[in-house]
Amino acid sequence: MRVAVLSDIHSNLPALEAVLEAVRPFDQLWVAGDIVGYGPHPDAVVERLRNLDAVAVQGNHDAAALGRIPVGTFNDMARAAVKWTARTMKPHNLDWLAEQPEIRVEGDYTLAHGSPRDPLWEYLFSIPAARLNLAAFETPYCIVGHTHHQMTFRDDHGRVEALLADDGSALELDERRSILNAGSVGQPRDGDPRACAMTVDTDTAAVEWRRIEYPIEETQAAIRELPLPGRLADRLELGV
Ligand code: ZN
C-alpha cells in the first residue's frame, strides 16, 4: 500500500492541493497533526481530508482550536490564529477534528504529532529526546511532525542517529527502530518555502521525502484578508 504522509498542514489549502497532486496516486492518506492553526483555510482543509478518508492524529494547534488545551504557552501569532480558527470553523469540521486521537497505530507505524511519549507538546530535535522516544512505542516505526523539519531518528544497534531529509531523500526501513518526520505542508521552517510531503510503501518499507512548490501568494493573500497576523503571511515565502 502506498501511503501519503503529511503533517502540519496548518490550514494552508493551496499547499495541501499541490502536495496531494504531486504524491498521487496513493492508497491512503495519514496526517500527523496540526491540521489547522496559523493558516486561512481550516474548514476547507478539514473537508478535503474528510473526503479523502484521511487517518489523522491531533496536534497541539488542533487541540487548542478544540479548546482541549490552554493557549497560554502559544506565542502571540499562534494564539491569535487559534482563536480565530475556533471562532470560524463549522461545527461538523470541529467534530471531525475532535474524533481524531492523539496517537494511533496503522500496521507497523505509530502516528503521533510531537512524540510518542508526549504527542501534543514534545519537539523531537535532539538525540537524547529521540533515544527516550524510540523506546516509547510498540510498533517498529513511528511517524511524527511538529518540528516542521523532515528527518529520521534511527536506533542503529544502540547508537541513535539523526538522518536529515530533503527533496528526493529516500530510506529503506529495516529492523532498526525509526522515527520519521514528514515535515510541514503548510508552514515549512527550514528556510525552504516549498511544501513538505513524505510517502511510505508499507509493503516494501520504502520511504521518500518530497518538496513541492505551491502558489504561496494565494495563501498570503487569504491571510491578509482575514483578521490574522500579517507576519503569518510574510513568513511563508521565507520558509521560517
Ligand atoms: Zn505545527
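So, here's what we can say about the structure. The structure presented is a predicted model; accordingly, all values stated were derived computationally and were not measured.

1. Overview of the nonpolar core
Moving on, step 1. Residues Leu6, Ile9, Leu29, Val31, Ile35 and Leu49 are the most contacted members of the largest nonpolar core, which totals 47 residues.
Moving on, step 2. No other element matches helix α1 (residues 13–23), which puts six residues into this core.
Moving on, step 3. Excluding its chain neighbours within four sequence positions, the residues that come into contact with Ile35 are Ile9, His10, Ser11, Val45, Val46, Leu49, Ala56, Val57, Asp62, Trp96 and Leu97.
Moving on, step 4. Counting residues in each nonpolar core, the second largest holds 20 residues, with Trp30, Leu171, Val200 and Val207 among its members.

2. Re the sheet that holds strand β3 (residues 55–56)
Moving on, step 1. Read across the open sheet, the six strands follow the order β3-β2-β1-β11-β12-β9; overall the sheet is mixed. The open sheet has two free edges, formed respectively by β3 and β9 (170–172), since each of these has just one partner strand.
Moving on, step 2. One ladder, built from seven bridges, connects strand β11 (residues 195–201) with strand β12 (residues 206–212); its direction is antiparallel. Residue pairing for β12: Ala195 is matched across the bridge by Ile212.
Moving on, step 3. Sitting on the sheet, α1 touches β1 (2–6), β2 (28–31), β11 and β12, and the angle it makes with β11 is about 35°.

3. With respect to the coordination of the zinc ion
Moving on, step 1. Only Asp8 (OD), His10 (NE2), Asp34 (OD) and His148 (NE2) from the protein reach the zinc ion as donors, at distances of 2.0 to 2.4 Å.
Moving on, step 2. Coordination at the zinc ion comes from four donor atoms whose angles at the metal span 83 to 175°, giving a geometry best classed as irregular.
Moving on, step 3. Here the donor residues of the zinc ion share one chain and are spaced in sequence as D-x1-H-x23-D-x113-H.
Moving on, step 4. Judged by its relative accessible area of 0%, Asp8 falls in the buried class.
Moving on, step 5. By relative accessible area, which is 1% here, His10 ends up buried.

4. Structural notes on the sheet that holds strand β6 (residues 141–144)
Moving on, step 1. As summarised here, the arrangement of the six strands in space is β4-β5-β6-β10-β7-β8, forming an open sheet in which the pairing is mixed. On the outer flanks of this sheet lie β4 (103–106) and β8 (159–164), each paired with one strand and no other. On average, adjacent strands in this sheet sit at an angle of 20° to one another, irrespective of strand direction.
Moving on, step 2. Alignment of strand β7 (residues 150–156) against β8, held across six bridges, turns out to be antiparallel. Within the sheet, the bridge partner assigned to Phe153 lies in β8 and is Ala162.
Moving on, step 3. Packing of helix α6 (residues 127–134) onto the sheet brings it into contact with β7, β8 and β10 (178–182), and relative to β8 it is tilted by some 115°.

Definitions and limits used
- Residues numbered from 1 in each chain as written.
- Predicted model: local features only at pLDDT ≥ 70, side-chain atom pairs only at ≥ 80, totals over all residues.
- Heavy atoms only, no water.
- Core = buried A, V, L, I, M, F, W, Y, C linked by side-chain atoms within 4.5 Å.
- Buried < 20%, exposed > 50% of the residue type's maximum accessible area, 1.4 Å probe, protein only.
- Helix = DSSP H or I, 4+ residues; strand = E, 2+ residues; numbered from the N terminus.
- Contact = heavy atoms within 4.5 Å.
- Pairing = 2+ DSSP bridges.
- Axes fitted to C-alpha atoms, helices over the stretch in contact; angles between N-to-C directions.
- Donors = N, O, S within 2.8 Å, 3.2 Å for Na, K, Ca; no water.
- Tetrahedral: all angles 85-135°; square planar, octahedral: opposite > 155°, others 65-115°.

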